[in-house]
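Tertiary structure, described
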Number of protein chains: 2
Amino acid sequence: MTEISTLGEFGLIDRLTDDLPRANNTTKYAVGDDAAVLGYGERDVLVTTDLLLEGVHFDLTYVPLKHLGYKAAVVNISDICAMGGTPRQLTVSLGISQRFTVEHIDELYAGIRLACERYGTDIVGGDTTASRQGLVISITCIGDVEKDKAILRSGARVNDLICVSGNLGAAYMGLQLLEREKAVSKGMKDFQPDFAGKEYIIERQLKPEPRVDIVKELREAGIQPTSMMDVSDGLSSELLHICRQSKVGCRIYEERIPIEYQTAAMAEELNMNLVTAALNGGEDYELLFTVPLHDKDRVAALRDVHVIGYICDADKGCAMITRDGESEIPLKAQGFNPLK
Amino acid sequence: MTEISTLGEFGLIDRLTDDLPRANNTTKYAVGDDAAVLGYGERDVLVTTDLLLEGVHFDLTYVPLKHLGYKAAVVNISDICAMGGTPRQLTVSLGISQRFTVEHIDELYAGIRLACERYGTDIVGGDTTASRQGLVISITCIGDVEKDKAILRSGARVNDLICVSGNLGAAYMGLQLLEREKAVSKGMKDFQPDFAGKEYIIERQLKPEPRVDIVKELREAGIQPTSMMDVSDGLSSELLHICRQSKVGCRIYEERIPIEYQTAAMAEELNMNLVTAALNGGEDYELLFTVPLHDKDRVAALRDVHVIGYICDADKGCAMITRDGESEIPLKAQGFNPLK
């Protein structure tokens with residue numbers, strides 16, 4: 001008997017989905033990317049799904065239900081963006097334990113509806129049931145993309161530029177702050193944490209936004225990324241996915257990793273390594289993508305996109321060049337592992 | 001604060017999904033049927049999803065993991081059949097608690113793969129995570145159907161014939177048998193239940209099959225049902241759905257409800273009312289549908305399809321005419337309510 005933790009999430013998925021048969025010619029791309037690609041019509045259809053469990057993915061002691069609903073929708077919408085697609089429909093399945101009232105579920109659903117309205121996504125179905133084991137949220141998002149233009153993780157080529165939108169590590173530092181306040185407040189009644197000056201990192205943790213704006217910008221600028229994914233498990237982990245699936249290596253520059261002031265201040269206050277937080281923090285839902293070198297000027301003109309490195313040969317491995325330019329630190333997948 | 005049990009599953013869904021906005025013209029039919037209908041191409045795309053939770057939907061003391069996986073796939077495939085569609089793709093999300101080993105999950109997944117292979121459905125994605133308590137299975141199935149030919153629940157018309165495939169109540173009587181053996185075996189080591197002569201009802205409970213064959217038969221016979229759904233919550237409950245959504249009433253004949261010998265024998269052994277079991281048992285995954293009266297002869301020629309009644313005006317309500325033809329018993333939705 002083998003413990004699941006010995007394989008980890010990706011090891012288990014690889015084992016289960018190894019050598020899957022394909023019976024339908026509408027199945028264009030299956031397991032292994034942010035979403036599956038289905039060839040149903042003039043545009044390709046994208047399908048992605050996420051399972052969120054209380055106590056594993058969220059802690060209701062500090063996450064308001066409306067924010068939770070919003071975020072649950074956003075993480076799925078973000079996966080459609082990560083394929084270069086447009087989100088269109090969503091299904092919502094809920095497992096509800098006895099301590100929740102109708103009003104609680106109204107709140108949760110209001111958050112889901114808000115995200116769907118903001119990002120033009122229709123709720124088209126789902127399932128609702130009792131749960132013995134806390135709140136269960138399973139969301140599937142369906143989107144579309146121009147035929148044969150879905151951006152996979154496997155298309156990065158040597159000399160491509162590595163780009164990331166927004167900034168990294170903020171959601172992780174927001175989580176650290178929330179966890180600290182939870183520990184401090186233990187046993188105290190009506191504890192009111194003071195988040196002044198830290199609103200940004202709290203918001204990045206509790207209410208992330210999918211980068212549909214970046215997908216639109218890329219499309220309007222005529223840039224077709226060679227690979228793309230969203231940063232949900234941390235920059236290091238995602239870069240390793242792209243490099244493994246594209247059979248390439250990479251170099252990123254420590255000094256180019258975009259970090260907000262509040263993120264840095266929080267890391268200092270908590271005496272944590274800032275770069276580690278930015279590399280491995282996760283839940284940023286920014287877009288990580290590669291573009292051909294000849295798109296350099298066009299990418300530079302994009303708002304809120306940063307070139308952080310380049311793709312190299314696979315035999316050179318994946319590493320970060322330190323701020324002083326003196327040494328290279330190998331990238332490791334230390335991101336969130338829900339099966340550990 | 002309102003307890004969720006006061007609304008029940010359908011009441012809660014109605015409340016949450018009331019007045020949903022629609023932003024995309026690809027959304028043809030959303031919440032309220034066995035699957036959503038999306039207009040992505042030359043054929044319409046169908047999407048359905050089910051959430052199965054340990055302790056609510058299945059009991060691993062008598063359900064083998066491989067059977068559970070098979071059934072979890074089948075209930076979703078059946079929903080695509082219930083729209084007159086063909087299943088094409090499946091996503092599988094699993095929440096796995098610590099007591100499960102890799103080999104356990106292999107078994108579960110083997111069952112899912114077997115059902116997918118048998119019914120020509122490709123596994124294209126999913127999510128895998130830890131669970132704090134018990135096994136969580138969330139499956140989404142995608143299928144397709146000829147454009148504008150998805151069979152909704154809302155199309156039944158007065159004088160249509162009511163048809164059902166196969167037989168009813170067997171899965172429910174199988175469940176009663178398994179529950180009885182579980183109670184008997186409590187505290188006994190290596191208890192071996194004797195299921196001789198009861199294999200059929202056990203199999204109907206543990207390993208149901210979706211009626212893709214009936215969908216195919218209907219298509220080949222040129223019969224387009226006016227309404228259809230699958231019998232997952234019990235014949236009564238499903239008929240009431242069709243009648244409410246079609247704004248009609250119905251009459252079914254007690255003597256015409258198809259029941260297998262083993263189902264009847266088990267009901268007698270357990271001193272249970274057989275017709276109640278057939279009306280309210282659920283989990284049969286047979287197809288319930290209505291056809292225009294002029295298709296009477298063509299339907300009669302179909303293998304394993306039974307005409308059990310007819311559609312009437314809404315103001316006549318929904319009732320079963322008893323075997324003696326003397327009285328009418330109003331149909332009630334006493335099927336499985338996972339939120340009670």
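Residues numbered from 1 in each chain as written. Chains lettered and ligands numbered in written order. Predicted model: local features only at pLDDT ≥ 70, side-chain atom pairs only at ≥ 80, totals over all residues. Heavy atoms only, no water.

1. Digging into the overall build of chain A
A tally of helices and strands in chain A yields 10 helices and 13 strands. For chain A, the C-alpha radius of gyration of 20 Å lies close to 20 Å, the compact-globule estimate for 340 residues. Counting only C-alpha atoms and orienting by the principal axes, one finds that chain A spans roughly 55 × 50 × 50 Å. The buried share of chain A, taken over its 340 residues, is 59%. A total of about 14,000 Å² of accessible surface is found on chain A, and carbon and sulfur atoms cover 48% of it. Treating the 36 positive side-chain charges of chain A as one cloud and the 52 negative ones as another, the clouds have centres 2 Å apart. (Helix = DSSP H or I, 4+ residues; strand = E, 2+ residues; numbered from the N terminus. Rg over C-alpha atoms; globule rule 2.2 N^0.38 Å. Buried < 20%, exposed > 50% of the residue type's maximum accessible area, 1.4 Å probe, protein only. Areas by Shrake-Rupley, 256 points an atom, 1.4 Å probe, with all protein chains shown as cover. Lys, Arg positive; Asp, Glu negative; His and termini not counted. Charge placed at Lys NZ, Arg CZ, Asp CG, Glu CD.)

2. Things to note about the pattern of salt bridges
Residue and element names in this part refer to chain B. For the structure shown, the criterion picks out 51 salt bridges over all chains. The salt bridge involving glutamate 209 is made with arginine 118; its shortest N-O contact spans 3.6 Å. Remark: arginine 118 occurs in helix H3 (residues 102-118) and glutamate 209 occurs in the loop between helix H5 (199-206) and helix H6 (212-220); sequence separation between them is 91 residues. On the accessibility criterion, arginine 118 (46% relative accessible area) is partly exposed. We note a salt bridge from arginine 211 to aspartate 304, for which the minimum N-O separation is 3.0 Å. (Salt bridge = Lys/Arg side-chain N within 4 Å of Asp/Glu carboxyl O.)

3. Points about helix H7 (residues 235-246) of chain A
All names here are of chain A. When the terminal C-alpha atoms of H7 are compared, their 16 Å separation across 12 residues agrees well with the 16 Å that a helix rising 1.5 Å per residue should span. Judged by how many residues are buried, H7 sits mostly within the fold: 10 of 12 residues are covered. Remark: lysine 247 follows H7 within two positions and exhibits a positive phi of approximately 55°. (Expected span 1.5 Å × (residues − 1).)

4. Some words on the relation of the copies chain A and chain B
Between the two copies, chain A and chain B, the superposition gives an RMSD of 0.1 Å; the rotation angle is 180° and the shift along the axis is 0.0 Å. The two molecules are tied by a two-fold rotation axis, judged by turn and shift. By residue overlap, the copies meet face to face through one surface: 100% of the interface positions of chain A are interface positions in chain B. (Least-squares fit on C-alpha atoms with pLDDT ≥ 70 in both. Contact = heavy atoms within 4.5 Å.)

5. As for the sheet that holds strand E6 (residues 136-146) of chain B
Residue and element names in this part refer to chain B. The mixed open sheet is built from six strands, whose spatial order is E1-E2-E3-E6-E4-E5. Bordering the open sheet on either side are strand E1 (27-29) and strand E5 (122-130), each of which pairs with just one other strand. Strand-to-strand twist in this sheet, taken as the mean axis angle between neighbours without regard to direction, amounts to 25°. Strand direction decides the pairing type here: strand E4 (residues 86-96) and E6, joined by nine bridges, are antiparallel. If you follow proline 87 over to E6, its bridge partner there is glycine 143. Together, strand E3 (43-53), E4 and E6 form the strand contacts of helix H2 (residues 65-81), whose direction differs from that of E6 by roughly 35°. (Pairing = 2+ DSSP bridges. Axes fitted to C-alpha atoms, helices over the stretch in contact; angles between N-to-C directions.)

6. Some remarks on the confidence of the model for chain A
Per-residue pLDDT for chain A has a mean of 91; in total, 98% of the residues score no lower than 70. Note on the complex model: pTM 0.92, ipTM 0.91. (pLDDT = per-residue confidence, 0-100.)

7. Points about the packing of aromatic side chains
Each aromatic ring pair is specified by the distance between its two centres and by the angle formed by the two planes. All names here are of chain A. The full count for this structure, using the stated rule, is two aromatic pairs over all chains. With a centroid separation of 6.3 Å and an interplanar angle of 50°, the aromatic rings of tyrosine 253 and tyrosine 310 are classed as tilted. You can see tyrosine 253 sitting in strand E9 (residues 249-253) and its partner tyrosine 310 sitting in strand E11 (residues 305-312), a full 57 residues away along the chain. In this arrangement the basic side chain of lysine 207 is found over the ring face of tyrosine 70, its NZ or CZ atom lying 4.5 Å from the centre. (Phe/Tyr/Trp six-rings, centres within 6.5 Å; stacked < 30°, edge-to-face > 60°. Lys NZ or Arg CZ within 6 Å of the ring centre and 35° of its normal.)

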